[in-house]
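Overview (structure and organization)
Residues per chain, in single letters:
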Amino acid sequence: MMPLEISPRDLAMHLENGRAIRLLDVRQPWEANLAQLANSQFIPLSELPARASEIPSDADAMLVVYCHHGVRSLSAVHYLRQLGHADTCSLAGGIDAWSCEVDPTLPRY
């Protein structure tokens, strides 16, 4: 089974190399309005149980879940793995770490 977390740098490398990756943002709407990663699907963590069926089951793509600091996304990963999304991991340190380590133009909050 894949690790529970992926570092921002490793995710950036996979994206640069063209690996099939789906991004899932589980933050609140006001957070997503401040900053988000391109091509992300947005489902707040509180809505995930009701909306999990909206997440495509693509065996060829890794699902990377993110939030602000990586706590909510880790919770989402555990839940999604129980539903059968095996290739799912959390962005370690969340979008805040992404801004610090990969894309400093992304606003921090």
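Scroll up for the structure.
Residues numbered from 1 in each chain as written. Predicted model: local features only at pLDDT ≥ 70, side-chain atom pairs only at ≥ 80, totals over all residues. Heavy atoms only, no water.

Ordered by their spatial adjacency, 5 strands build an open sheet running E1-E5-E4-E2-E3, and the pairing between neighbours is parallel. Both edges of this open sheet fall to strand E1 (5-6) and strand E3 (40-42), since each of them pairs with a single strand only. Pairing analysis gives 3 bridges linking strand E4 (residues 62-66) to strand E5 (residues 88-91), with the strands arranged parallel. Looking across to E5, one finds that Val-64 is bridged to Cys-89. Lying on the sheet, helix H4 (residues 71-82) is in contact with E1, strand E2 (21-25), E4 and E5; it crosses E5 at an angle near 175°. (Pairing = 2+ DSSP bridges. Helix = DSSP H or I, 4+ residues; strand = E, 2+ residues; numbered from the N terminus. Contact = heavy atoms within 4.5 Å. Axes fitted to C-alpha atoms, helices over the stretch in contact; angles between N-to-C directions.)

Looking at chain direction, E1 and E5 are connected through 2 bridges and run parallel. Considered in E5, the bridge of Glu-5 is made with Ser-90. At this point the chain moves from E4, through H4, to the parallel E5, and the crossover so formed is right-handed. (Right-handed = clockwise from strand over helix to strand, strands pointing away.)

We now examine the pattern of salt bridges. Where charged atoms of side chains with opposite charge meet at close range, the side chains can pair. Scanning the entire structure with this criterion turns up 6 salt bridges. Arg-108 is paired through a salt bridge with Asp-96; the nearest N and O atoms lie 2.8 Å apart. Highlighted residues: Arg-108 in the segment after helix H5 (94-101) and Asp-96 in helix H5, separated in sequence by 12 residues. By relative accessible area, Asp-96 is classed as buried at 11%. Among the charged side chains, a network of salt bridges with common partners joins Glu-47, Arg-51 and Glu-54. (Salt bridge = Lys/Arg side-chain N within 4 Å of Asp/Glu carboxyl O. Buried < 20%, exposed > 50% of the residue type's maximum accessible area, 1.4 Å probe, protein only.)

For the rest of this paragraph, the subject is the nonpolar core. Counting residues in hydrophobic clusters, the biggest one holds 16 residues, and the most contacted among them are Leu-11, Leu-23, Leu-37, Met-62, Val-64, Leu-91 and Trp-98. Looking at this core element by element, the count peaks at 3 residues for E4. Excluding its chain neighbours within four sequence positions, the residues that come into contact with Val-64 are Ile-6, Leu-11, Ile-21, Arg-22, Leu-23, Leu-24, Cys-89 and Leu-91. Val-26, Val-65, Val-77 and Leu-80 belong to the second largest nonpolar core, which has 11 residues in total. (Core = buried A, V, L, I, M, F, W, Y, C linked by side-chain atoms within 4.5 Å.)

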